[in-house]
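A look at the structure
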Protein chains: 2
Amino acid sequence: MKRNLLLTPGPTKIPDNLCEALGRPIIHHRTPQFQENIKEAIEGLQYVFQTKNEIYLLAGSGTAAMEAAVCNVLSPGDKAITVEAGKFGERWTELCHAFNAKPEVIEVKWGTSVEAEQIKAILDRDKDIKAVFVTLHETSTGAVTDIKAIGEVVKNTNALLVVDAISGLGVIDCQTDNWHVDIVASGSHKGFMLPPGLAFVSVSDKAYKVIEKTTNARYYFDLRKSKKAFKEIDTPFTPAIGIIVALCDSLKMFKEKGLDGMFANADHLAQGTRAAAKALGLSIYTEEKYRGNVLTAINLPENIEGGKVVKILRDVHGISVAGGQGSLKGKIIRIAHMGCLTEEDTITGLTYLEQVLRELGYQFPEGAGVNAAQDYFKQHQLV
Amino acid sequence: MKRNLLLTPGPTKIPDNLCEALGRPIIHHRTPQFQENIKEAIEGLQYVFQTKNEIYLLAGSGTAAMEAAVCNVLSPGDKAITVEAGKFGERWTELCHAFNAKPEVIEVKWGTSVEAEQIKAILDRDKDIKAVFVTLHETSTGAVTDIKAIGEVVKNTNALLVVDAISGLGVIDCQTDNWHVDIVASGSHKGFMLPPGLAFVSVSDKAYKVIEKTTNARYYFDLRKSKKAFKEIDTPFTPAIGIIVALCDSLKMFKEKGLDGMFANADHLAQGTRAAAKALGLSIYTEEKYRGNVLTAINLPENIEGGKVVKILRDVHGISVAGGQGSLKGKIIRIAHMGCLTEEDTITGLTYLEQVLRELGYQFPEGAGVNAAQDYFKQHQLV
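Residues numbered from 1 in each chain as written. Chains lettered and ligands numbered in written order. Predicted model: local features only at pLDDT ≥ 70, side-chain atom pairs only at ≥ 80, totals over all residues.

As for the interface of chain B and chain A
Here is the rule we go by: In this description, a residue-residue contact is defined by the distance between C-beta atoms placed from the backbone, which must lie within 7 Å. Put simply, DSSP marks the helices as runs of H or I at least four residues long and the strands as runs of E at least two long, and each gets a number from the N terminus on. Under this grouping Gly is polar, as are all residues other than the nonpolar Ala, Val, Leu, Ile, Met, Phe, Trp, Tyr, Cys and Pro and the charged Asp, Glu, Lys and Arg.
Between chain B and chain A, the contact holds 45 residues from the first and 45 residues from the second. The set of elements that each furnish at least two residues to the side of chain B that touches chain A consists of helix H1 (16–22), helix H3 (62–73), helix H4 (87–98) and helix H9 (241–257) of chain B. For the side of chain B that touches chain A, the element with the highest residue contribution is H3 of chain B, accounting for four residues. Residue composition of the side of chain B that touches chain A, by class: 23 nonpolar, 16 polar and six charged.

Some points on the relation of the copies chain B and chain A
What counts is decided by this rule: C-alpha atoms of residues with pLDDT of at least 70 in both copies form the basis for the least-squares superposition of the copies.
Mapping chain B onto chain A leaves a residual RMSD of 0.0 Å; the transformation is a rotation of 180° accompanied by 0.0 Å of translation along its axis. The relationship between the two copies is best expressed as a two-fold rotation axis. Every residue of chain B has its C-alpha some distance from the rotation axis, and the shortest such distance is that of Gly-23 of chain B, at 2.0 Å. An overlap of 100% is found between the interface residues of chain B and their copies at the interface of chain A, pointing to a shared contact surface.

What to know about the nonpolar core
How we decide: The nonpolar core criterion groups buried Ala, Val, Leu, Ile, Met, Phe, Trp, Tyr and Cys residues into a set whenever they are joined through C-beta atoms within 7 Å. Whether a residue is buried, exposed or partly exposed follows from its count of other C-beta atoms within 10 Å of its own C-beta, namely 20 or more, 12 or fewer, or something in between, respectively; the C-beta atoms are built from the backbone.
With 266 residues, the main nonpolar core has Val-73, Val-132 and Val-201 of chain A together with Val-132 and Val-201 of chain B as its most contacted residues. Among residues more than four places away in sequence, those in contact with Val-201 of chain A are Ile-55, Tyr-56, Leu-58, Ala-65, Ala-68, Ala-69, Ile-183, Ala-185 and Leu-223 of chain A.

A look at the environment of Pro-239 of chain A
Residue and element names in this part refer to chain A. In this structure, Pro-239 sits in the loop between helix H8 (223–231) and helix H9 (241–257). Accessibility expressed as a C-beta count within 10 Å gives 26 for Pro-239, which makes it buried. As a C-alpha pair, Pro-239 and Ser-188 span 51 residues in sequence and 13 Å in three-dimensional space.

Points about the domain arrangement of chain A
All names here are of chain A. Formally: Domain start and stop positions are those given by an automatic or database domain assignment.
Under the domain assignment, chain A is made up of domain 1 (16–256) and domain 2 (258–379). Inter-centroid distance (C-alpha atoms) of domain 1 to domain 2 is 28 Å. Every contact between the two is made by 21 residues of domain 1 and, on the other side, 22 residues of domain 2. Of the residues that constitute the side of domain 1 that touches domain 2, the class distribution is seven nonpolar, 11 polar and three charged.

Details of helix H7 (residues 205–213) of chain B
Residues and elements named next belong to chain B. Under the convention used in this document: Here the arc refers to the directions that run from the helix axis out to each C-beta atom.
Residues of H7 that are buried include every one of Ala-207, Val-210 and Ile-211, and no others. The buried residues of H7 all sit within an arc of 105° when viewed along its axis, so they share a single face. In H7, the exposed residues that point more than 90 degrees away from the buried face are Asp-205, Lys-209, Glu-212 and Lys-213. Buried residues along H7 sit against H3, strand E8 (160–164), strand E9 (183–187), strand E10 (198–203) and helix H8 (223–231).

Remarks on the sheet that holds E10 of chain B
Two pairing modes exist for strands in a sheet, parallel and antiparallel, and in both the strands are linked by backbone hydrogen bonds. Residues and elements named next belong to chain B. What counts is decided by this rule: Only when DSSP finds a minimum of two bridges between them are two strands counted as paired. Fitting a line to C-alpha atoms yields each axis, with helices limited to the stretch in contact; the angle taken between N-to-C directions then spans 0 to 180 degrees.
Ordered in space as E2-E10-E9-E8-E5-E3-E4, the seven strands form an open sheet in which the pairing is mixed. Sheet topology places strand E2 (54–59) and strand E4 (102–107) at the edges, where each strand pairs with a single neighbour. Looking at each pair of strands side by side, their axes are set apart by 20° on average, direction ignored. By the bridge criterion, five bridges tie E9 to E10 in an arrangement that is antiparallel. Its bridge partner being in E10, Gly-187 is matched across the sheet by Ala-199.

Considering the sheet that holds strand E11 (residues 295–299) of chain B
Residues and elements named next belong to chain B. As summarised here, the arrangement of the three strands in space is E11-E14-E13, forming an open sheet in which the pairing is antiparallel. Each having just a single partner strand, E11 and strand E13 (322–323) make up the two edges of the open sheet. Contacts from helix H10 (residues 259–279) reach E11 and strand E14 (332–336), with the element oriented near 10° to E11. Packing against the sheet, helix H11 (residues 306–315) makes contact with E13 and E14, and its axis sits at approximately 40° to E14.

Okay, here's the thing in structure tokens:
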């Protein structure tokens, strides 16, 4: 069997124990046994979300959670703020338009993110803004948004703060309650190390009061139905049973390692990868101030086509990394550090990245990248 | 480990080879390898759907497919026909209301279904009806609708015929093209023997022309996005990778056994179960004319509480059957015949059903039900 190493920022590598959980015989969802799974999942998610808010489970991928956030808090004609700093920020804008709301779009340079002051300026001027939609970690660029600072701005207004934490949650810090985030949208296939198909939405009391009055058409994603089912330790429609059962085991891993331990692991791999990039003479796409540890976006040498790098790594060496999206197509590669990825996975990825770059004509001291990463890992051992 | 025999009409028993497929390391979805999976899945689904229409894959459970059908073909204010013959027919009505359409509801007695003539009468009188929403197999009652006859009525009008085939598809006949069904909604966790979380929607050309013009708010379930992605052998949002990979193996089982073989298996188990019920002096809830082979709904003796039967079977004997829903709560039990269920599974279920009924005070000749089923199975061997 060919190697299948996923260094992509979603889906991510699934550890063996979670593969085993996914392959177990299915159980029925209207049983005390599955209710125990729901309870365990919610409690574990509240730990990772750092919240006491209710968290609803939706059968769907990450965009399902985003749609649930939009169609439940915005009514047709409502004003909102969206931030476009990459492909996933643009999705908030698209969703607002799809549900007939009026987004005021803050466009920022890709590789950076919005400043709280920019959001404050709009909220100060326009008291009719109903919600602010931001992205914790913009997967297309690797940039992280300062949610804490934005939370300080939004909390004293009538607007809701809605955060797409799909790729960031469980990998970098997102303090839902301390940072006053009203809705956090996330999914199973990034930091949680599971297949796509299960979405999560946490909802604050402030948000729920809005949800009750929203007039946008909704049914499958109607969070009023979710809240009602939540009380009965149930879901309004057939849940993604298989993934929820495996999620309980994923969340046990989070508790064992601790959230800080998970963050530290991603940070460790990110630092090693960045040391390697530097040694190879390659720069990081994401501006330093906004750089997170979910992934490293590396600028490729000008004469090297990114699509080729991704294709050869995948088809010849069985290693999946992500290329650039949109205007970054062909220009960068993105290497993930999330979930259960290890030093070994990272070194393997870097080894073959070096090989492919060399084959494509890029020159550098042999082994420079791998050596730099290994040096970093030796000098900064994880506890 | 305690027995976990699912005789419920969804989720259904997952055969070992599909459990193995679900537990495999995940692959990335934007790869030629996964595109092969998509191609194989679509082609196999077209065989089971009996259609040449495009079939779209949505990450979501069965209701997701139903919502996609409603929000893509009805605009606010549009008129439609829905048929309420059980809990899932009612869901069509609820969805129409949620998307601000005006359903004309045909209420029929539970345990029966609508006649094509009733639909024709409305379509003849009201040329503004945009769509007719029916249920192939009403899981709450076991009744089957004559889709063929309804197709003959609807095909010559401007209305679309939309069928919820979630629990029926692959278990009983549903000839999408021959019967002129414009949209068939289904899901992974019934006849396809997989976990919930993957929904399917087949769309005719006639339906797609409507979809293009529909004004209802939609994004995640926007089938225009699905059609665009379909051309590129892709999905608009992250797909339910794990279930799609396993679906390819499920569909191989369909091809090996043949659709007729799958139908024959369900029919065989249904007849055996009904012979058992008769021998136990229990009647079938579903009226004979409308009886399908997806499940058998058995009327329980008046002095026996259905909830107890379900609970004891599950908690003591590790066998899941379904109780009654809505007004049937406590009055019936439903035993499924779909997917990979076998004579042995059925006999096991009946054996413990007998035991529980006896414990609860119901009197009958010992072993009568099991013997009758075994006799049926001996006399009607499956090829």
